[in-house]
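Okay, here's what each chain looks like letter by letter:
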Amino acid sequence: MITVDFEPEFEAWRIEARNQLAKNTHPSEIMWSQNRTGQAGFSFIVDQPQMTKNENFRVDPDFMKVASIVASARDDDRWDLLYRTLYRLKHENSNLMKVTIDDDVLRLRRLAKDIARDIHKMHAFVRFKEIRDEAGLRYVAWHQPEHRCLKLGAPFFMRRFGDRAWSIFTPDLSAHWDLKALTYSAGIPLSDFPHKDDMDEVWKTYYKSIFNPARVKIKAMQAEMPQKYWQNLPEAEIIRDLIREAPERLEELARNQPKAALVAPHQNLDQLRRLASVCQACPLFEHATQTVFGDGPATARIVVVGEQPGDNEDHEGRPFAGPAGKILDQALKLAELARSEIYVTNAVKHFKYKPVGTTRLHQKPTGSEMHACRPWLEAEIALVKPEIVVLLGATAGTSWLGRLPRVGEERGRLLRSRDHREDAMLSWHPSAILRAASDADREQKFAELVADLKLASELQQISSVSRTSAQRSSKPTP
Ligand code: URA
């Protein structure tokens, strides 16, 4: 019997397994010993095993993919199962992974599916709490996955919350993102994780906003959100109350369909931006990298609204940062407006796209996505209190005016929506200029965008002056 002492990680097992396979060691002769309690982040000096070549044997990539997931199963016999399957792929049937009724293959696939579900739950149920320590502002969460799958689940949080430092603690392992690198350290029990803060309130408010009593299926809910997770979910405290109040909430929901983001109390744009960064009011958050919130000073007299972030904005986290942004910048310059004095935002704050090969093709947001996002736009504009809102294109127009406008006909004049105090003006979206059918069309639309921005600037100055003089004249004389 050979005892293979290895760090219980996929890569370490892979090297050892290949070496044993090259020597044709039968699975019954190996004892996989996980005595090296190594976790990434702890270094201990060991002789690094070298990979031996298995002449003429190419491992089925499907097996490698499944194996890289199954390696994080909690089951102690996973290494035996993996090596046995590998050995059988070499000696018995190189197409073994296609034999769906084979016991080993069946077990591997079940475990992989189980772990994928566990990762999905991690993505759904991790709730960050905000803490400030000597290292600054950080977000921390404690979670208990069924399997040891933190390493598989953590990169999602890096993509989604890459702009802030966070740590996720589990009993097995902890993951840390410091804006530069993802590192791992030992796990901790829940008792060592006492953090509680006001983000709990945000989650409760958010959960209330998405809770749909018409779809309450308690069994399904408990299966999806097992009791085990409840202790870490701030919203768990309110689930029972919400279910009890379901009939009244059904009525309320019927009145308020479709769903819109519920904006928790906030005092400034930074707080609002933080709230929006965890918004899940529509499904667009799932595939976008981040919420792309508005950008510009809270004192801006003009707010410019676009449609939604594109590919560049989704990565950079700033509106109008790509080709459409270049057109906007050129138009602003010709209109003698400084971008740094304007608040620029979008009607929808997540990038909606369809993956085609390696590209992400822009998709127009639907009415319910615009509706879901509108509270953020309203809250931004309520804080900035501009003199005029410039709506670029039909999506921004629809979102703010509450009707589908005809940009070509309505652009360049003052419009007022039913619900808003601010004047609004429609103009061409820079993408419409980029997509124009001919050079002449492009030049005309661009000139019209510049003219509209100039007019907005003049109107804004007039409103500011008349407001200041009105304020002045209404002041009681001493
Ligand atoms: N198009 C938009 O409408 N907004 C952006 O931020 C970028 C492109």
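Residues numbered from 1 in each chain as written. Predicted model: local features only at pLDDT ≥ 70, side-chain atom pairs only at ≥ 80, totals over all residues. Heavy atoms only, no water.

Caption draft 1: Fine view of the overall build of the protein. Counting its secondary structure elements, the protein contains 18 helices and 14 strands. With 478 residues in all, the protein has 49% of them scored as buried. Sequence-distant contacts in the protein: of pairs separated by 6 or more residues, those separated by 24 or more amount to 71%. As displayed, the protein has an accessible area near 24800 Å², and 53% of this comes from carbon and sulfur atoms. (Helix = DSSP H or I, 4+ residues; strand = E, 2+ residues; numbered from the N terminus. Buried < 20%, exposed > 50% of the residue type's maximum accessible area, 1.4 Å probe, protein only. Contact = heavy atoms within 4.5 Å. Areas by Shrake-Rupley, 256 points an atom, 1.4 Å probe, with all protein chains shown as cover.)

Caption draft 2: Focus on the site of the ligand. Taken together, the neighbourhood of the ligand is formed by G306, E307, Q308, P309, G310, E313, P319, F320, A324, N346 and H429. In the environment of the ligand, a nitrogen atom lies 3.0 Å from a nitrogen or oxygen atom belonging to the backbone of Q308. One of the backbone nitrogen or oxygen atoms of F320 is found 2.8 Å away from an oxygen atom of the ligand. Protein chains shield 93% of the accessible area of the ligand, which is 230 Å² for the free molecule. Of the residues contributing to the shell around the ligand, the split by class is 4 nonpolar, 5 polar and 2 charged. (Near = heavy atom within 4 Å. Polar contact = N/O pair within 3.5 Å; in protein donor to acceptor, adjacent residues only side chain to side chain. Nonpolar A, V, L, I, M, F, W, Y, C, P; charged D, E, K, R; others polar.)

Caption draft 3: Representation of the packing of aromatic side chains. Considering all chains together, one arrives at 13 aromatic pairs under this definition. Ring centres of F6 and W79 lie 5.1 Å apart, and the angle between their planes is 90 degrees; on these two criteria the pair is classed as edge-to-face. Here F6 is found in the loop between strand 1 (2–5) and helix 1 (10–22), whereas its partner W79 is found in helix 3 (residues 78–91), with 73 residues between them in sequence. Assessed through its relative accessible area of 1%, W79 is described here as buried. Members of the aromatic cluster, connected to one another through ring pairs, are F6, F10, W13, W32, W79, Y83 and Y87. One residue, K151, lies across the ring of Y184, its end atom 5.1 Å from the ring centre. The ring of W428 carries the charged tip of K445 above its face, separated from the ring centre by 4.7 Å. (Phe/Tyr/Trp six-rings, centres within 6.5 Å; stacked < 30°, edge-to-face > 60°. Lys NZ or Arg CZ within 6 Å of the ring centre and 35° of its normal.)

Caption draft 4: Quick look at the nonpolar core. Counting 57 residues, the largest nonpolar core has V304, V305, W376, L391, W400 and L453 as its most contacted members. Of the residues forming this core, the biggest block, 8 residues, is contributed by helix 14 (residues 367–384). (Core = buried A, V, L, I, M, F, W, Y, C linked by side-chain atoms within 4.5 Å.)

Caption draft 5: Highlighting the environment of N346. Relative to the helices and strands, N346 resides in strand 9 (residues 343–346). Each C-alpha atom of the pair N346 and S399 lies 9.8 Å from the other, and the pair is 53 residues apart in sequence. When residues no more than four places from it in sequence are discounted, the contact partners of N346 are V305, G306, E307, Q308, P309, P319, F320 and L377. Here the side chain of N346 touches E307 through a polar contact of 3.3 Å, landing on its backbone nitrogen.

Caption draft 6: Representation of helix 13 (residues 323–334). In a regular helix each residue adds 1.5 Å, so 12 residues correspond to 16 Å; helix 13 covers 17 Å between its end C-alpha atoms and thus fits that length. E336, located one to two residues past helix 13, shows a positive phi value of around 60 degrees. (Expected span 1.5 Å × (residues − 1).)

Caption draft 7: Seen up close, the sheet that holds strand 12 (residues 388–392). A sheet is described by the order of its strands in space; here 5 strands give the open sequence 9-8-12-14-13, paired in mixed fashion. Each of the sheet's edge strands pairs with one partner strand only, and the pair in question is strand 9 and strand 13 (414–415). Of the pairings in the sheet, the one linking strand 13 to strand 14 (residues 423–427) comprises 2 bridges and is antiparallel in character. Bridging from a neighbouring strand, L414 pairs with M425 of strand 14. (Pairing = 2+ DSSP bridges.)

Caption draft 8: Summary view of the pairing of strand 2 (residues 30–33). Where strand 1 lies against strand 2, 4 bridges are found, and the strand directions are parallel. Looking at the pairing, I2 lines up with I30 of strand 2. Between the parallel elements strand 1 and strand 2, the chain passes through helix 1 in a crossover that is right-handed. (Right-handed = clockwise from strand over helix to strand, strands pointing away.)

Caption draft 9: Just the pairing of strand 12, in detail. Within strand 12, 5 of the 5 residues are buried, which leaves it mostly tucked inside the rest of the structure. Burial along strand 12 is two-sided: the face carrying I388, V390 and L392 and the face carrying V389 and L391 are both buried. Across 4 bridges, strand 8 (residues 302–306) lies against strand 12 in parallel orientation. The residue bridging V303 from the neighbouring strand is V389, located in strand 12. As paired strands, strand 12 and strand 14 are joined by 5 bridges and run parallel to one another. The residue of strand 14 that forms the bridge with V390 is M425.

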